[in-house]
Amino acid sequence: AQTVTQSQPEMSVQEAETVTLSCTYDTSESDYYLFWYKQPPSRQMILVIRQEAYKQQNATENRFSVNFQKAAKSFSLKISDSQLGDAAMYFCAYRSMLGFGNEKLTFGTGTRLTIIP
Amino acid sequence: DGGITQSPKYLFRKEGQNVTLSCEQNLNHDAMYWYRQDPGQGLRLIYYSQIVNDFQKGDIAEGYSVSREKKESFPLTVTSAQKNPTAFYLCASSNYLDKGSVDTQYFGPGTRLTVL
């Protein structure tokens, strides 16, 4: 079974600065997807970024980028130019690429990010 | 607007009662999912459905039941057999891509269930 570990329960960053959230995972599969989801106080889960394991290039979405290290099974999220609206719980998630019957997301326990004005 | 709706936003239940949480999507997605979120934990999968009239148990299905009579609807019933039902429940949906692979899961706004 796959597991996802987020070792930082809480992080804080000064507005406009850069912060990196850590995520490690364990799997015996060679192809899979990794995600970062954001959960603001409204509690709706919002997709931040997605990475396919077969792609060597790190995914980027505006101020959000990942550092995907497949051999180390590490998938960190970097938020540049932090804004007050970035304050939320951030969840790292894993999904198999095996298709039918393997669609579930396996989540880490989350990192609460606070933005200091 | 396309999206996933869940109702109600807050739900209160007395012990021993069954309660049904609604999830509707107009994204024309094939697959739908129910997750449970507890404080300090990530989301855990309760049930999922790949197509109409078919569904599969997730990691924590005991005490829950689902139905999938329509593509756009996937209601979750929390039965009296669920020992600790107070939690936040999230519904999600996704589409199937070529070769059986699934697309990203998108989530509804959630339902907070409290057992009194």
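Predicted model, so just to flag it, every value in this text is computed and none were measured. (Residues numbered from 1 in each chain as written. Chains lettered and ligands numbered in written order. Predicted model: local features only at pLDDT ≥ 70, side-chain atom pairs only at ≥ 80, totals over all residues. Heavy atoms only, no water.)

### Brief notes about the environment of Cys92(A)
Residue and element names in this part refer to chain A.
- With respect to the helices, strands and loops of the structure, Cys 92 is situated in strand β10 (residues 88–96).
- Residue Cys 92 is classed as buried on the basis of its relative accessible area, which comes to 0%.
- Cys 92 sits 58 residues away from Leu 34 along the chain, and the two C-alpha atoms are 7.3 Å apart.
- Each residue touching Cys 92, except ones within four places of it in the same chain, is listed here: Val 4, Gln 6, Cys 23, Phe 35, Trp 36, Phe 75, Thr 106, Phe 107 and Gly 108. (Helix = DSSP H or I, 4+ residues; strand = E, 2+ residues; numbered from the N terminus. Buried < 20%, exposed > 50% of the residue type's maximum accessible area, 1.4 Å probe, protein only. Contact = heavy atoms within 4.5 Å.)

### Some words on the nonpolar core
Residues and elements named next belong to chain A.
- Ranked by internal contacts, the top residues of the largest apolar core, which has 25 residues, are Tyr 25, Trp 36, Phe 75, Leu 77 and Tyr 90.
- Of all the secondary-structure elements, those providing two or more residues to this core are β3 (19–21), β5 (32–39), β6 (46–52), β8 (64–69), β9 (74–79), β10 and β12 (111–116).
- Examining the composition of this core, we find that 4 residues originate from one element, β10, more than from any other. (Core = buried A, V, L, I, M, F, W, Y, C linked by side-chain atoms within 4.5 Å.)

### Quick look at the interface of chain B and chain A
- Counting residues at the interface gives 25 residues for chain B, matched by 21 residues for chain A.
- Here chain B meets chain A over a buried area of about 2000 Å², counting both sides, of which 53% is carbon and sulfur.
- Here chain B and chain A share 1 salt bridge between them.
- On inspection of chain B and its partner chain A, the count reaches 7 residue pairs in polar contact (both at pLDDT 80 or more).
- If you list the elements that add at least two residues to the side of chain B that touches chain A, you get β4 (31–37), β5 (43–49), β9 (87–94) and β10 (106–107) of chain B.
- Broken down by class, the residue content of the side of chain B that touches chain A amounts to 12 nonpolar, 10 polar and 3 charged. (Buried area = accessible area lost by both parts, 1.4 Å probe. Salt bridge = Lys/Arg side-chain N within 4 Å of Asp/Glu carboxyl O. Polar contact = N/O pair within 3.5 Å; in protein donor to acceptor, adjacent residues only side chain to side chain. Nonpolar A, V, L, I, M, F, W, Y, C, P; charged D, E, K, R; others polar.)

### Points about unusual backbone geometry
- For the bond from Ser7(B) to Pro8(B), the omega torsion is -10°, close enough to zero to count as cis.
- Here Pro8(B) is to be found in the loop between β1 (4–7) and β2 (10–13).
- Phi angles above zero are rare outside glycine, and Ala16(A) is one such case at about 80°.
- Its identity as a non-glycine residue notwithstanding, Arg43(A) has a phi of 75°, on the positive side.
- Relative to the helices and strands, Arg43(A) is located in the loop between β5 and β6.
- The exposure class assigned to Arg43(A) is partly exposed, which follows from its relative accessible area of 28%.

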